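# Architecture at a glance
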Amino acid sequence: MARNEEKAQSMLNRFITMKQEEKRKPKERRPYLASECRDLAEADRWRSEILREIGAKVAEIQNEGLGEHRLRDLNDEINKLLRERMHWEKRIVELGGQNYALKGAPKMTDLDGNIVDIPNPSGRGPGYRYFGAAKKLPGVRELFEKPPEVRKRRSRYEIYKRIDASYYGYRDDEDGVLEKLEGPAEEEMRTQATEEWKRVEQVRREALKTVQSGEVATAGAPSIAAAQVLFEEEEDVVEEERRLEQEREERERGKESEFVVHVPLPDEKEIEKMVLEKKKRDLLSKYTSEGLLEEQEEAKEMLNIHR
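Keep in mind that this is a model prediction, so the values were computed, not measured.

Moving on: a nonpolar patch on the surface. On the surface, a nonpolar cluster with roughly 380 Å² of combined accessible area is contributed by Leu-12, Phe-15, Ile-16 and Met-18. Within the element layout of this structure, Leu-12 appears in helix H2 (residues 11-23). The exposed category is assigned to Leu-12, whose relative accessible area is 57%.

Bringing the packing of aromatic side chains into the picture now. Enumeration according to the criterion identifies two aromatic pairs in this entry. Aromatic side chains Tyr-167 and Tyr-168 sit 5.2 Å apart centroid to centroid with 90° between the ring planes, which places their arrangement in the edge-to-face category. Residue Tyr-167 is classed as exposed on the basis of its relative accessible area of 57%. Taken together through their ring pairs, the aromatic side chains of Tyr-167, Tyr-168 and Tyr-170 make up a single cluster.

Our next topic: the confidence of the model for the protein chain. When pLDDT drops low, the exact placement of atoms in the prediction is not to be read closely. Scored by pLDDT, the protein chain comes out at a mean of 77, with 75% of its residues at no less than 70. Averaged over each element, pLDDT in the protein chain is lowest for helix H1 (residues 2-8) (62) and highest for helix H3 (residues 40-60) (90). Taken together, the stretch residues 121-125 has pLDDT below 50 and engages in four contacts with residues farther than four places along the chain or on a different chain. Predicted confidence is poor over residues 215-222, with pLDDT under 50, and the contacts of this stretch with residues over four places away or in other chains come to four contacts.

Here the focus is the pattern of salt bridges. Oppositely charged side chains can form a pair if their charged atoms are brought close together. Applying the stated rule across the entire model yields 16 salt bridges. Linking Arg-30 and Glu-84 is a salt bridge whose minimum nitrogen-to-oxygen distance equals 2.9 Å. One end of the pair, Arg-30, is in the loop between H2 and H3; the other, Glu-84, is in helix H4 (residues 68-94), and 54 residues separate them in sequence. Assessed through its relative accessible area of 18%, Glu-84 is described here as buried. Taking the shortest distance from any N to any O, the salt bridge between Arg-91 and Glu-94 comes out at 3.0 Å. Placement of both Arg-91 and Glu-94 in helix H4 is noted, with a separation of three residues, approximately one turn of the helix. Among the charged side chains, a salt-bridge network with shared partners connects Arg-30, Glu-49, Glu-53 and Glu-84.

Conventions adopted
- Residues numbered from 1 in each chain as written.
- Predicted model: local features only at pLDDT ≥ 70, side-chain atom pairs only at ≥ 80, totals over all residues.
- Heavy atoms only, no water.
- Patch = residues over 30% accessible without salt bridge, like charges linked within 9 Å, V, L, I, M, F, W, Y side chains within 5 Å.
- Areas by Shrake-Rupley, 256 points an atom, 1.4 Å probe, with all protein chains shown as cover.
- Salt bridge = Lys/Arg side-chain N within 4 Å of Asp/Glu carboxyl O.
- Helix = DSSP H or I, 4+ residues; strand = E, 2+ residues; numbered from the N terminus.
- Buried < 20%, exposed > 50% of the residue type's maximum accessible area, 1.4 Å probe, protein only.
- Phe/Tyr/Trp six-rings, centres within 6.5 Å; stacked < 30°, edge-to-face > 60°.
- pLDDT = per-residue confidence, 0-100.
- Contact = heavy atoms within 4.5 Å.

Below is the structure:
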């Protein structure tokens, strides 16, 4: 190893290195403004150089051990190069070259790789992006976190706005499910009701015939059924009479509970007169003495004035 260093530091090697550097052309600097470039090939070359610098800085910013200040500086330099690349792409289009902007710029992604759209917190213009470890810096991580969804309580108007006929069950018959279930049940109930009505009607006719003919029923099922029907009719009549009697008693009780005035009540004019007299007495008692009031009363009695 020491032998190689000695060779590099020898006079001959240093002389050869100096001659090679003299033959090289001076390194050309990139124009400060893209509008100063007049050659399409040169503009394309400067754009490629910017892309290489961006790639190198993006690879460097992935290291989280660089420190907060170095990461922020690197992120600012990358965004500056991105803006410069955009100017060179516009200049290439002006010179008649390919439009690289049509390919679409890469989207901003969060720590999980999801595309996000975050505002610019530093006011550095639209399109400011964060790369690598810069996404984990204090104040930047919060930009990529989605705020918790606040569930807003619905108002009464919003609740009733979604209520229609279906909420009250008016459209339950439209799907046809209830018809299939209610059809057989309704038919069965109708048949039972019809048979019960026919049986009661037949027993009623037999009972009426028995009463009209004056026959005495002997022991048997038809006579017992007839007696049951007649007993039910009598119960219905008694129940109806009892209900009418209760309604009559309630009406009479309501009439008795009415308030009846047995003394004359003052009308509106008399009430106003009484109020006025009371106000006069209050004013007199406020601004006159008791002795003066007594003398006034005596004078009224002497003059026979009654007011």
